[in-house]
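Coordinate analysis (summary)
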Amino acid sequence: MIDMKDNIKHFLISNSVPIIFIALSAFAIPLSGFSYGYLVQEMLTRLARNSFLVLSLLIPIMAGMGLNFGMVLGAMAGQIGLILVTDWSVVGIPGLVLAAIISMPIAAVLGYVCGNVLNRAKGREMVTSYILGFFINGIYQFVVLYLIGIKGMLRIPFTGMDIRIPVTNPQLVLSRGYGIRNAINLTGLRHALDNAFQFNVPFGSAVIDIPVSTYALIAFFCVFIVWFRRTKLGQDMRAIGQDMAVADSSGIAVERTRIIAIVISTMLAAFGQIIFLQNIGTMNTYNSHDQTGMFSIAALLIGGATVSKASIANVFVGVTLFHLMFVVSPMAGKELIGQAQLGEYFRVFVSYGIIAVALVLHAWKRYQERERSRRGLRGEA
Amino acid sequence: MANGEPLLRVESVGKEFFGNRVLADVDFSLGHGEILGLVGENGAGKSTLMNILFGMPVIASTGGYEGRILLDGKEVKFSSPFEAIDAGIGMVHQEFSLLPGFTVTENILLNRESTKYNPLVEVFGERIRTLDRQGMKKRAEAAISEIGFSIDTGTFAAEMPVGHKQFTEIAREIDRLNTKLLVLDEPTAVLAESEAEILIQSLRNLSSKGISMIFISHRLQEILDLCDKIVVLRDGRIVKETRPSDTDIFQIASHMVGRNVEASSASRPSRPDTEAILEVDKLWVDMPGETVRDATFSVQRGEIFGIGGLAGQGKLGIANGIMGLFMAGGSVSVKGLVIKLNDPAHSLSRDMAFVSEDRRGVGLLLEESIDWNIAFTAMQVQDKFVRKLLGGLVKWRDDAAMRAATQEYIKLLDIKCTSHKQRAVELSGGNQQKVCLAKAFVVGPDILFVSEPTRGIDVGAKKLVLDTLRKVNEERGTTIIMTSSELEELRSVCDRIAIVDNGRISGIRPAAAPATEFGLLMMGSEPAVAGSDVGGGDA
Ligand SMILES: Nc1ncnc2c1ncn2[C@@H]1O[C@H](COP(=O)(O)OP(=O)(O)OP(=O)(O)O)[C@@H](O)[C@H]1O
Ligand SMILES: [Mg+2]
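What comes next is a walk through the structure. Sequence order as written defines residue numbering, which begins from 1 separately in each chain. Written order decides the labels, with chains lettered from A and ligands numbered from 1. Selection of residues for local features in this predicted model requires a pLDDT of at least 70, selection of side-chain atom pairs for listing and counting requires 80 or more, and totals for whole chains, interfaces and linings are taken over all residues. Excluding hydrogens and water, the side-chain values take into account all heavy atoms of the structure.

**Here's the deal with the sheet that holds strand 1 (residues 8–17) of chain B**
Residues and elements named next belong to chain B. Note: two strands are recorded as paired if DSSP finds a minimum of 2 bridges between them. A run of H or I in DSSP becomes a helix once it reaches four residues, and a run of E becomes a strand once it reaches two; helices and strands are each numbered from the N terminus. Pairing is antiparallel across the open sheet formed by 4 strands, whose spatial order is 2-1-4-5. Only two strands of the sheet have a single neighbouring strand rather than two, namely strand 2 (20–30) and strand 5 (74–76). Each adjacent strand pair in this sheet contributes to an overall mean axis angle of 30°, direction not counted. Relative to strand 5, strand 4 (residues 66–71) runs antiparallel, the two sharing 3 bridges. Bridge assignment links Ile69 to a residue of strand 5, and that residue is Val76. In this analysis an axis means a line fitted to C-alpha atoms, helices contributing only their contacting stretch, and an angle means the value between N-to-C directions, from 0 to 180 degrees.

And the structure:
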């Protein structure tokens, strides 16, 4: 039937991104020579590590604001929380909670600023939030590089006033006495959440650890998103996402709602970054957040989301596929080309290639969809 | 309610768009529960007046308006539609304002959803209340049944036929409890006559409940039937204020255009038979609300072929199916070659073009100029208005030719505009419609489908549109297949007319056949001769 053919074609087109990545993994996994036990363990760890960050992108998409490149603002806020908590030597779960408490207001303020800027750039949210990320990154670096340091190391001239947010742990600070080091060891926080409640299951000959507590948090958050969609606020965001003018004329406070969407997303990203870094255990003060933004967005796109439509399923499919490629590609490259160094290049090439491919495929798909809806709506003449 | 004070008083209201005066010295008043009919030619200023009343931002952003508006005796100056809604004014716009991905229920209750309490409300405030889907469904159903119509409240707006969209919009206004004044800008333009009757009846009910209304329409009979008071606008001024009992259609029409309006012209002389250019065999089309089940007919080269029938019987589905806009099956051949269905690009490439019935807002590039809108498709598909140099290596736009063609149609169809460079968004609804038609004429296809070509066009200009259709047919030999819910219109231009009933062609008659015969076909009773409808030399 024509009917069926069209449906299948539409299904393939609308899921082309995940399908291509499934095909690539099917090709690369055997090449890499990794055992399945190892891959399953890796995927479970990485899902726990990254899902929360990627989930934080869903709400702005619902509100029609596209991919929130501004999530790096939240990530920065989370890192500031982690720096301070590490300095105060608060460890374990209390440390994480304290880091979250510190970062939430910072993320909220940054989100508010970002939301306001985006309201002045309607329809160009993605590029604006991307550039805004650079700008705030500058401020972040200024704060972290100059305004945090050992007490009394730099005073405002003539007043004797200390202009620094004081830290005491010299291990965190550059040798000159102010500015945070590039790599910070989050010893006391490492795996604090993951290990709170962990479960081991035998898998073939290996044993697989499942960080149940982290998953519980992620599950709770998914429930929150599902519930949020059913609230009045969620409904308003959906309305705005479809047509700002119509939403506006029905009296929905469009700008305010858009700001709320970004604030929520930024705060959740801060939280996500804390979960992410407690799993990694070390923090790259000056680039962890950048990677977070790019990788989360690429993962979501690979999961089949679009700029205007994303679901929870997209998040998990995307994180799994993206990290599967991440894990297997260097080894697969080595097998193919036979050189370790080239394998390393291959890894970088693939990870950035993935982003480029996802964005290009995504643009093509959008074009296809526009064609489809245009024909459906408009009497072409 | 102040004693004796009318609900609404409009005092010497005027409006200019960048030096172009579109309203001047408009004065009228409207009592409680009264219905005021507002009529006037395309571009007379009706929608603009209502936009002023409703506080639409486009008015303030183009310099505001002159004069005063009093609601219940107090002067009001709304700076946003929201304030107007708060004051009890509801408006159904000429363009749809439905969210395509929302269901009927969600659209009707947009921003007025029923919600339920949950403890998080204490922390995050009212907006975090959860939606009460059950309650919403009930309210939406109540509002729809108050209009006296039935629609499945779970359907998405994007998937509804235009008529249903219109009812959804009206139901939205009805659900508002505080509505005192309802403004309806051409609510019946997209409805078939039977649907329009349902609507008119329900508006009567509403007004007996004390809701006042301003009703804009180009169907003058409706105005006479429904309204208590009629105001005629011409070029932005009130030229006549009267009551239905004191006037008739011809008087109103001549006030509108400022001269006598001729009754529609006589039907066409009969033409010799020619070979079939389009053959449709057992066509089915799955178009929501306009399902075609089994249509078989053929159209001759150079013919104007009409498709009529009651609303919802499937007449609109035929053109949509052939042009690939909705899922279809069966066989359709053009000039003897079978075409691929469900592939709009293919249909276009077989020299067919389509002016759809659903073209409010979507058929035009609203931010672009008139000439660009008219020329764009022809330029894309056929390289018209393109000048080539060095054997096609260098191409550039032929602006002079574009301007000439645009000006020809501005004149033929009497498109009211400041110049051919005016942006489409600035045209009145009826004039946008004319641009849509001009666009199709410029493409100059072999077969042209037009659905509801005179919808939203004023009485004076209707004739121009129909005459232009004829002219295109006669001068270029274009075969035209015209779908319309107005039988008289079909009879005045077509050679033959097919009547669709329950998804099937119930009969094909020459346009000159008596109206009663068509009436019978619409009721589904094919008088005797079955199967005579394929081809056939009706004389
Ligand atoms: N935003 C705008 N900018 C400039 N001119 C405008 C704008 N909106 C409307 N106009 C002009 O105002 C005039 C009146 O338009 P209006 O839409 O009120 O007509 P109308 O009576 O509703 O006609 P119709 O029956 O075709 O809907 C038209 O000449 C139109 O070109
Ligand atoms: Mg109008």
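We are not done yet, so read on.
**A few points about the pairing of strand 1 of chain B**
Residue and element names in this part refer to chain B. The pairing of strand 1 with strand 2 spans 7 bridges and is classified as antiparallel. Counterpart to Val13 in the pairing with strand 2 is Val26. Hairpin connection of strand 1 to strand 2: 2 residues between the antiparallel strands, including Phe18 at a positive phi of 45°. Pairing between strand 1 and strand 4: 5 bridges, direction antiparallel. Its bridge partner lying in strand 4, Glu11 is registered against Arg68.

**So, the packing of aromatic side chains**
Stacked, tilted and edge-to-face are the three classes assigned to paired rings of Phe, Tyr and Trp, where Trp is represented by its six-membered ring and a pair needs centres within 6.5 Å; plane angles under 30 degrees give stacked, over 60 edge-to-face, the rest tilted. The tally for this structure, following the rule as stated, stands at 15 aromatic pairs over all chains. On the basis of an interplanar angle of 55° and a centroid distance of 5.7 Å, the ring pair of B:Trp372 and B:Phe376 is categorised as tilted. Separated by 4 residues within a single helix, B:Trp372 and B:Phe376 lie in helix 13 (residues 370–382), roughly one turn from each other. Here B:Trp372 falls in the buried class, since its relative accessible area comes to 19%. A connected cluster of aromatic rings, assembled from ring pairs, spans A:Phe52, A:Phe221, A:Phe224, A:Trp227, A:Phe228 and A:Phe271. Directly above the ring of B:Phe17 sits B:Lys15, whose terminal nitrogen or CZ lies 4.8 Å from the centroid. Here, a charge over a ring means that NZ of Lys or CZ of Arg falls within 6 Å of the ring centre while also lying within 35 degrees of the ring normal. Positioned above the aromatic ring of B:Tyr65 is the side chain of B:Lys77, whose terminal nitrogen or guanidinium carbon lies 4.5 Å from the ring centre. Buried residues are those whose accessible area, probed at 1.4 Å on protein chains only, stays under 20% of the maximum for their type, while exposed residues exceed 50% and partly exposed ones sit between those limits.

**Some remarks on the site of ligand 1**
Residue and element names in this part refer to chain B. The criterion for a residue being near a molecule or strand is simple. One of its heavy atoms has to lie within 4 Å of it. As a matter of local geometry, ligand 1 sits amid 20 residues, with Lys46, Ser47, Thr48, Ser428 and Gly430 nearest to it. Counting of polar contacts relies on pairs of N or O atoms within 3.5 Å, with two restrictions inside protein: one atom must be capable of donating a hydrogen and the other of accepting it, and residues adjacent in sequence are counted only when both atoms are side-chain atoms. Measuring from an oxygen atom of ligand 1, one finds a backbone N or O atom of Gly45 at 2.9 Å. His218 places a side-chain nitrogen or oxygen 2.8 Å from an oxygen atom of ligand 1. Surface exposure here means Shrake-Rupley accessible area, sampled with a 1.4 Å probe, where a residue is shielded only by the protein chains that are shown. A total of 640 Å² of accessible area belongs to ligand 1 in isolation, and the protein chains cover 92% of it. Elements with a minimum of two residues in the shell around ligand 1: helix 1 (46–53) and helix 15 (429–443). Broken down by element, the shell around ligand 1 gets its largest block of residues, 3 residues, from helix 1. Side-chain classes are defined by residue name, with Ala, Val, Leu, Ile, Met, Phe, Trp, Tyr, Cys and Pro counting as nonpolar, Asp, Glu, Lys and Arg as charged, and the others, Gly among them, as polar. Grouping the amino acids of the shell around ligand 1 by side-chain chemistry returns 5 nonpolar, 11 polar and 4 charged. Here the bounds of each domain stem from an automatic or database domain assignment. Counting residues domain by domain, the shell around ligand 1 receives three or more from each of domain 1 (1–88 + 179–257) and domain 4 (362–444).

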